[in-house]
Amino acid sequence: MNKKLIKQVKRSFKEQFKTKPLIVFSPGRINLIGEHTDYNDGFAFPAAINKGIAVAISKSDAKTSNVCALNKNEIHNFNTENIRPLKDGGWRNYILGVVAELQILRKRVGNFNAVFAGNIPGGAGMSSSAALENGFVYGLNKLFHLGLSKHDMILVSQKAEHNFAGVKCGIMDQYASMFGLKKSALLLDCRTIESQPYKIDFKDYKLMIINTNVKHDLSESEYNDRREVCERVSGLLHLDALRDASKEDLDRIKNDISGEDYQKALYVINENNRVKKFSEAIKKDDIQALGVLLYQSHEGLSTKYKVSCRELDFLVDRAKENPNVLGSRMMGGGFGGCTINLVKKDAFKTFKKEISKKFKVAFEYDCSVYSVKLSRGTQIVKK
Ligand code: GLA
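Fair warning: this is a prediction, and the values are worked out from it, not measured in the lab.

Engineer: I'm lost on the nonpolar core in this one. Help?
Structural biologist: Across soluble globular proteins, nonpolar side chains show a tendency to be buried alongside one another. Counting residues in each nonpolar core, the largest one holds 81 residues, and the members touching the most others are Ile-30, Leu-32, Phe-45, Phe-112, Phe-116, Met-126 and Phe-136. Here this core takes eight residues from helix H2 (residues 91-104), the largest share from any one element.

Engineer: Any chance you could explain the environment of Ile-193 here in plain terms?
Structural biologist: Summarising the element assignment, Ile-193 is placed in the loop between strand E7 (184-189) and strand E8 (194-199). Residue classification places Ile-193 among the buried positions, given a relative accessible area of 17%. With near-sequence residues (within four places) excluded, Ile-193 lies in contact with His-151, Ile-154, Leu-155, Ile-171, Tyr-175 and Leu-188.

Engineer: In this structure, what is going on with the sheet that holds strand E13 (residues 379-380)? I would like to understand it.
Structural biologist: Pairing in this open sheet of six strands is mixed, and the strands run E5-E4-E6-E3-E1-E13 from one edge to the other. In the strand order of this sheet, the two ends are held by strand E5 (74-78) and E13, each with one partner. Strands strand E1 (22-31), strand E3 (46-59), strand E4 (65-69), E5 and strand E6 (112-118) of the sheet are contacted by helix H1 (residues 2-17), whose axis makes an angle of about 150 degrees with E6. H2 rests against E4, E5 and E6 of the sheet, and its axis sits at about 30 degrees to E5.

Engineer: Would you take a moment to explain the packing of helix H8 (residues 259-283) against helix H9 (residues 287-304) for this structure?
Structural biologist: Working note: a packed helix pair is described by the angle between its axes plus the distance between those axes. The contact between H8 and H9 brings their axes to 10 Å, and the two run at 165 degrees. As the angle between them shows, H8 and H9 are arranged roughly antiparallel. Regarding H8 and H9, the two cross each other, and that crossing is left-handed. Taking contact as the criterion, the partners of Gln-263, Lys-264, Leu-266, Tyr-267, Asn-270, Glu-271, Arg-274, Lys-277, Phe-278, Ala-281 and Ile-282 in H8 are, on H9, Ala-289, Leu-290, Leu-293, Leu-294, Gln-296, Ser-297, Gly-300, Leu-301 and Lys-304.

Engineer: Whenever I open this one, the pattern of salt bridges confuses me. Can you help?
Structural biologist: A side chain of one charge can pair with a side chain of the opposite charge when the charged atoms of the two come close. For the structure on display, the rule yields 18 salt bridges. Between Arg-92 and Glu-74 there is a salt bridge, with its nearest N and O atoms 3.3 Å apart. One end of the pair, Arg-92, is in helix H2; the other, Glu-74, is in strand E5, and 18 residues separate them in sequence. Using a relative accessible area of 19% as the deciding quantity, one classes Arg-92 as buried. For Arg-227, the salt bridge is made with Glu-231, and the minimal N-O distance between the two is 3.0 Å. Taken together, the positions of Arg-227 and Glu-231, both in helix H6 (residues 222-236) and four residues apart, correspond to about one turn of that helix. Exposure remark for Arg-227: the relative accessible area of 17% places this residue in the buried category. Its relative accessible area of 43% is what places Glu-231 among the partly exposed residues. Connected through shared salt-bridge partners, Asp-41, Arg-191 and Asp-244 make up one network.

Engineer: Whenever I open this one, the pairing of E1 confuses me. Can you help?
Structural biologist: Each regular strand shows side chains that alternate between the opposite faces of the sheet. Burial runs high along E1: ten of the ten residues are buried. Inspection of the sheet shows E1 paired to E3 by nine bridges, in the antiparallel sense. Directly across from Asn-31, in E3, lies its bridge partner Pro-46. The pairing of E1 with E13 spans two bridges and is antiparallel. From the neighbouring strand, Phe-25 faces E13, where its bridge partner is Gln-379.

Cut-offs applied
- Residues numbered from 1 in each chain as written.
- Predicted model: local features only at pLDDT ≥ 70, side-chain atom pairs only at ≥ 80, totals over all residues.
- Heavy atoms only, no water.
- Core = buried A, V, L, I, M, F, W, Y, C linked by side-chain atoms within 4.5 Å.
- Buried < 20%, exposed > 50% of the residue type's maximum accessible area, 1.4 Å probe, protein only.
- Helix = DSSP H or I, 4+ residues; strand = E, 2+ residues; numbered from the N terminus.
- Contact = heavy atoms within 4.5 Å.
- Pairing = 2+ DSSP bridges.
- Axes fitted to C-alpha atoms, helices over the stretch in contact; angles between N-to-C directions.
- Parallel < 35°, antiparallel > 145°, perpendicular 65-115°, else oblique.
- Left-handed = near helix turned anticlockwise from the far one by under 90°.
- Salt bridge = Lys/Arg side-chain N within 4 Å of Asp/Glu carboxyl O.

Next up, the structure:
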């Protein structure tokens, strides 16, 4: 599949720009557990996957740059000397954002031509935007010899998202997409921005991703609101971030905050602890415990943090009814997108059929089901 993507962008690039491009592949991500913990300096457990974005890119001597989004059949023409976020810019803003943030670092980015295409479902909580940002920052770093490390690059990608897409995201997506490793998930400390790789083998179980096909729009202020609540509460506690808070700390200021804010902060504290428990359960091969933690995570996201939606809750409830599913929860920012499920290998097909049917009956449209491979992060594709 990715080979096909790479071929597509290569061919289209050659047709349009008549030169040989540099090719970058940048993956999307899943997250096993640790949702909305990253911007609280907490822990998350993401992995890069075998779906992503292929970018064909080369320098240009012309006065302007051209970027072609192959899936949409759209081209954006701009000058790197004069970059601003566009109103309703969609994919354009992620790329313009990367260029602008590089310039803020006083890196000289000349004009360039690029063609990109992807196979990560958009708005599904699988980080197509991080894959796009990383793909471009990686390609530009190489082309213009900017000398940035992978750590530098993910911070550029994150700032592009903050300042050009208006989402005050944490670092999880960009990190997982850049640093992903084959067959592994990364236990990520979002304070130090360092991770420990865990080889993943769920024995008789495997991951199933189910997309509600409800498109979330993270810039829809809800995401930024959650972040603000967390920062307000940690501020009242005189802490740098909720990562440093315990339930006892929170209880001390219970009367100074609203019941809703209390629940949200409590969710973050609990979820952060769940990530640690999850990693310990993996070490002990305690697959049952993983399932329990997934369900607990969803419960918190839905009832305390309030970032789920009807369709996501429906999928998790149906998963709970099936003994072949050990655990399930919504994944990513929320308000739509996917659930991640731990499903018995030999029941994978039947559960896929069953859940698809039930979803269709309930909502009168189809959900989509994917299996994913844990894969390498952003990389140059060798010729
Ligand atoms: C989005 C953001 C991430 C993270 C998740 C929720 O994917 O980009 O930084 O906050 O939501 O865990």
